[in-house]
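Reading the structure
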Amino acid sequence: MSITPIANRQGAVQFAIAQASAKTGIDFNYLLGQAQVESGMRPGARAATSSASGLYQFVEQSWLAVVKKHGAEHGLGWAAEAIEPGRGGRMTVSDPATRRAILNLRGDPQYASLMAAEHAADNKTHLEGALGRPATGTDLYMAHFLGLGGARRFLQALQNNPDRSAAAMFPAAAHANRGVFYGADGQPRSVSEIYQRFATKLDKGADVAGGTGRASAVLGLSVGDNEVIAGNGEDQGDALAWARSTLDQLGGRGAAKAGNLLRPTPDNARLAYLMLARLGGN
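Cut-offs applied
Residues numbered from 1 in each chain as written. Predicted model: local features only at pLDDT ≥ 70, side-chain atom pairs only at ≥ 80, totals over all residues. Heavy atoms only, no water. Phe/Tyr/Trp six-rings, centres within 6.5 Å; stacked < 30°, edge-to-face > 60°. Helix = DSSP H or I, 4+ residues; strand = E, 2+ residues; numbered from the N terminus. Buried < 20%, exposed > 50% of the residue type's maximum accessible area, 1.4 Å probe, protein only. Lys NZ or Arg CZ within 6 Å of the ring centre and 35° of its normal. Salt bridge = Lys/Arg side-chain N within 4 Å of Asp/Glu carboxyl O. Core = buried A, V, L, I, M, F, W, Y, C linked by side-chain atoms within 4.5 Å. Contact = heavy atoms within 4.5 Å. pLDDT = per-residue confidence, 0-100.

1. A word on the packing of aromatic side chains
- Counted under the stated rule, the structure contains 5 aromatic pairs.
- Seen in terms of ring centroids, F154 and F170 are 6.3 Å apart; in terms of plane orientation they differ by 35 degrees. Their pairing is tilted. On the criterion of sequence distance, the pair formed by F154 in helix α7 (residues 137–160) and F170 in the loop between α8 (166–169) and α9 (171–176) is long-range, its members being 16 residues apart. Neither residue differs from the other here; F154 and F170 are each classed as buried.
- An aromatic cluster is defined as three or more aromatic residues linked by ring pairs; in this entry it consists of Y141, F145, F181 and F198.
- The lysine or arginine in question, R153, covers the ring of F170, its NZ or CZ lying 4.8 Å from the ring centre.

If you want it as structure tokens, here you go:
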């Protein structure tokens, strides 16, 4: 069986996102949906009202912060070394030309996708620790939209009081994003309504951009300390049941083999995405 590379069928942007997913473990469909929602899959997109730019619409400070933290892991050691935290945590670069070069990387699909995936991975770890459950793609998008602290408050309200007015909780964000927090009739939307609208938007974005599954879904299921990745179109409950059954059949070998069985290496993950793209296409 021959496998057509993603780059040949879906373009360099999708291929860059698939590589970032394979390297970081962040779900391909989520990254695809986020890119579609944020920029329409356009690496050169620029916001008219802020410093946001690139495939994932990073504002300048957020970009400098994530490159400082993760750049060296992906060949951007020169950039990470040039960025220094200043007063109040503000990131600075002393040389103007170097600063421009670092910020211009937001327009590179490869680096934009890698930094977006690393940022999502950081948020995933924090949210799962705070919420005590696996994170979904929509959870991660809430962290992107409201910041990590805001997302924690929002998701806790979603769990405990889903009908609460989101605008009352986040007045500044509601003022800047009236279309998100209020309906066409001017009535404030609940946290549950906003969460579902973002979930739908992510899923539609991933579908339009050529995704293979839901961008809003749970990003990983687990058996013990191991993550279970559901297959293309597979029910997540069925995937979890299969994993538990398989480990039970392995018996004493289960503990030793679980990691290899359930958590693919980056190379295997990349191959899996290539195969899914091939099987899902015409």
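2. Observations concerning the pattern of salt bridges
- Within the structure shown, the criterion is met by 5 salt bridges.
- Taking the shortest distance from any N to any O, the salt bridge between R99 and E60 comes out at 3.2 Å. Separated by 39 residues along the polypeptide, R99 in helix α5 (residues 96–104) and E60 in helix α3 (residues 60–70) bring together distant segments of the chain.
- Given the relative accessible area of 24%, R99 is considered partly exposed.
- Overall, the relative accessible area of 25% leaves E60 in the partly exposed class.
- For R214, the salt bridge goes to D203, with nearest N and O atoms at 3.8 Å.

3. Observations regarding the nonpolar core
- By size, the foremost hydrophobic cluster in this structure holds 62 residues, and its most contacted members are I17, Y30, Y56, W63, F154 and F181.
- Those residues in contact with Y30, other than ones at most four positions away along the chain, are A120, G137, L140, Y141, L202, A215 and L219.

4. Brief notes about the confidence of the model for the protein
- In this model, the protein carries a mean pLDDT of 82, and residues with pLDDT of at least 70 account for 74%.
- Within the protein, the lowest mean pLDDT, 39, falls on helix α13 (residues 254–262), and the highest, 98, falls on helix α4 (residues 77–82).
- Note that pLDDT drops below 50 for residues 278–282; the model gives that stretch 5 contacts with residues more than four away or on any other chain.

5. Here we look at the side chain of Q34
- Within the secondary structure, Q34 is located in helix α2 (residues 28–39).
- What makes Q34 buried here is its relative accessible area of 5%.
- When residues no more than four places from it in sequence are discounted, the contact partners of Q34 are Y56, Y141, H144 and L202.

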